[in-house]
Amino acid sequence: GRSWKTKEPAILFYYKKNWFNIIAQFKSNGIYYYCNIASPFLIDDNTIKYILQSANAAHHMGADRLVVHMGAAKDITRRYAMEISKTTIERALNELDNAGHGDVTLCMETMGKINQMGTIEEVMELCTMDERLLPTVDFGHLNARMQGALQTEDDFDHIIKYMEKKKILFRYKI
């Protein structure tokens with residue numbers, strides 16, 4: 001099986017009848033909330049529901065950011081998978097507005113497995129859709145995806161410069 005470890009204390013929320021989980025991770029600079037929507041790959045109302053439920057939980061805990069995984073490109077092209085991701089995120093943002101959670105920022109995470117959506121380019125493309133979308137860059141995931149290619153300061157700097165060029169990296173106040 002798989003395991004997940006964190007150095008910080010964390011609370012995980014699992015639901016018997018739903019295929020997703022929410023994690024509240026207690027870091028020294030605040031509480032971080034993650035929603036793993038388990039990547040259903042058709043546009044379905046459950047994906048939107050998972051994001052809305054996570055936003056509601058985050059709201060009650062005082063959070064305004066949710067980390068979201070983009071899904072996987074299984075049996076379809078990456079371009080088609082990206083179009084599904086865009087449509088799903090657009091719908092999710094509209095539903096967040098309708099539910100009174102328009103202040104929630106969705107943080108699209110880079111992923112490490114080749115069949116998962118979440119290259120730096122894919123994340124940045126999604127994040128250009130709306131001001132409430134921000135990249136969450138997991139350099140460990142990127143290094144795994146790039147088969148260990150992140151070795152020097154210049155390698156990391158290249159990624160940061162790419163993000164700066166997209167004018168997304170620093171648009172959110174901390």
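Structure first, text after, so check above.
Figured I'd write up the structure that's included with this text. This structure is a prediction, so every number in the text was calculated from the model and none was measured. (Residues numbered from 1 in each chain as written. Predicted model: local features only at pLDDT ≥ 70, side-chain atom pairs only at ≥ 80, totals over all residues. Heavy atoms only, no water.)

**Re the overall build of the protein**
Then, number 1: Across its full length, the protein carries 5 helices and 6 strands.
Then, number 2: Ordering the α and β elements of the protein from the N terminus gives β-β-β-α-β-α-β-α-β-α-α.
Then, number 3: Looking at the protein as a whole, 39% of its 174 residues are labelled buried.
Then, number 4: A fraction of 63% describes how many contacts in the protein between residues 6 or more apart in sequence connect residues 24 or more apart. (Helix = DSSP H or I, 4+ residues; strand = E, 2+ residues; numbered from the N terminus. Buried < 20%, exposed > 50% of the residue type's maximum accessible area, 1.4 Å probe, protein only. Contact = heavy atoms within 4.5 Å.)

**Some remarks on the pattern of salt bridges**
Pairing of side chains with opposite charge becomes possible as their charged atoms draw close.
Then, number 1: This structure, assessed with the given rule, holds 8 salt bridges.
Then, number 2: For Arg78, the salt bridge is made with Glu122, and the minimal N-O distance between the two is 2.8 Å. Pair noted here: Arg78 is in helix α2 (residues 78-98) and Glu122 is in helix α3 (residues 120-127), with a separation of 44 residues, a long-range link.
Then, number 3: When the shortest N-O distance is used, the salt bridge between Glu83 and Lys86 registers 4.0 Å. Highlighted residues: Glu83 and Lys86, both in helix α2, separated by 3 residues, approximately one helical turn.
Then, number 4: Each member of the salt-bridge network shares a partner with another, and the members are Arg79, Glu83, Lys86 and Glu125. (Salt bridge = Lys/Arg side-chain N within 4 Å of Asp/Glu carboxyl O.)

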